[in-house]
Amino acid sequence: MRLILLGAPGAGKGTVAKMLTDLDGSIQISTGDILRSAVKAGTDLGKQAEAAMKAGELVSDELIMGIMEERLQENDCAAGFLLDGFPRTIPQAVDLKGLLSKLGIKLDGVMNLNVSRDVILDRLITRRTCVDCGEIYNVKNNPPAKEGVCNKCVGAVVQRDDETEEAISKRLDVFEEQTAPLVGHYESEGLLVDIEATSSVVAVDAIKRFLKID
Ligand code: AMP
């Protein structure tokens, strides 16, 4: 499958993407994960992205398109991909369209994960992430077996720097201003599919129905 997962921070894009990769070997491409790894490794890319990320703002379209132009040409994309957290602005969506047509790749659709703002705020405040493998936990309903330790890789499970209440509120404002317009954009391109995402399982079921996967 070749999908864009669209939705606010906390809508469940990462969890849904991980569940979908199990179905057909498609890979998840999360620009947020790529950037967090770069920050952790202290690369030039990381240094350029760090301040904006910490403040809950977007990094520049140029930086993101540079990453994605390379990433979409790697061999593991041949089996399909789930774009998680990209595109995030209209210019990124326009550039992505050009890039996909240059690479001869056709999208199956843009899955718009709908969740209310209350649910999102609660999810983000209670979310914890493994610094090593990116596995997502929730202190209320999905804590790691041992507090602060990843079940999968034994990495440290922490609250992300951009998941303080202040940064979350900034990220949601940025989403409304810069990313929400993508809904109308993809609707006019005939690619938008509205998905009720009250839970990741519900969202995955709806996406499977759309793709006609049992
Ligand atoms: P995420 O994990 O997708 O919520 O991304 C975390 C942060 O990385 C965002 O708040 C942005 O600072 C940055 N980021 C991730 N993807 C993008 C993108 N497509 N465009 C701009 N900034 C991004």
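Above this text sits the structure in question.
Residues numbered from 1 in each chain as written. Predicted model: local features only at pLDDT ≥ 70, side-chain atom pairs only at ≥ 80, totals over all residues. Heavy atoms only, no water.

J.: Just checking my understanding: could you explain the overall build of the protein chain for this structure?
T.: What the protein chain contains, in helices and strands, is nine helices and eight strands. Computed over C-alpha atoms, the radius of gyration of the protein chain comes to 16 Å, within 12% of the 17 Å expected from 2.2 N^0.38 for 214 residues, which places it in the range of a compact globule. Oriented by its inertia axes, the alpha-carbon framework of the protein chain measures out at about 45 × 40 × 35 Å. Here the protein chain holds 214 residues, and the buried ones make up 45% of them. Taking the contacts inside the protein chain whose residues are at least 6 apart along the sequence as the reference set, 70% of them involve residues at least 24 apart. Carbon together with sulfur atoms contributes 50% to the accessible area of the protein chain, which is approximately 10800 Å² in total. (Helix = DSSP H or I, 4+ residues; strand = E, 2+ residues; numbered from the N terminus. Rg over C-alpha atoms; globule rule 2.2 N^0.38 Å. Buried < 20%, exposed > 50% of the residue type's maximum accessible area, 1.4 Å probe, protein only. Contact = heavy atoms within 4.5 Å. Areas by Shrake-Rupley, 256 points an atom, 1.4 Å probe, with all protein chains shown as cover.)

J.: Explanation requested: the sheet that holds strand β6 (residues 136–138) in the structure shown.
T.: Neighbouring strands of a sheet are bound in pairs by backbone hydrogen bonds; such pairs are parallel or else antiparallel. The sheet built from three strands is open, its strands ordered β6-β5-β7 with antiparallel pairing. Lying at the two open borders of the sheet, with one neighbouring strand each, are β6 and β7 (157–158). Here three bridges tie strand β5 (residues 127–130) to β6, and the two strands are oriented antiparallel to one another. Its bridge partner being in β6, Arg 128 is matched across the sheet by Tyr 137. Of the strands in this sheet, β5 and β6 are in contact with helix α6 (residues 117–126), which crosses β5 at around 45°. (Pairing = 2+ DSSP bridges. Axes fitted to C-alpha atoms, helices over the stretch in contact; angles between N-to-C directions.)

J.: I'm lost on the site of the ligand in this one. Help?
T.: As a structural note, the neighbourhood of the ligand is formed by 16 residues, with Thr 31, Arg 36, Glu 57, Arg 88 and Gln 92 the closest of them. Contact between the ligand and Thr 31: a nitrogen atom at 2.8 Å from a side-chain N or O atom of the residue. Contacts to the ligand include Arg 160, whose side-chain N or O atom sits 3.3 Å from an oxygen atom. Among the elements that line the shell around the ligand, the one with the most residues is helix α2 (residues 31–41), at four residues. Here the shell around the ligand is built from residues that sort into six nonpolar, four polar and six charged. (Near = heavy atom within 4 Å. Polar contact = N/O pair within 3.5 Å; in protein donor to acceptor, adjacent residues only side chain to side chain. Nonpolar A, V, L, I, M, F, W, Y, C, P; charged D, E, K, R; others polar.)

J.: When you look at the pairing of strand β4 (residues 109–114) in this model, what are you seeing that I'm missing?
T.: Here is the key point about a regular strand: its side chains alternate between the two faces of the sheet. Most of β4 sits out of view: five of its six residues are buried. Examined bridge by bridge, strand β1 (residues 2–6) and β4 share four bridges and lie parallel to one another. Across the sheet, the residue bridging to Ile 4 is Val 110, located in β4. Sheet analysis places β4 next to strand β8 (residues 192–196), joined by five bridges and oriented parallel.

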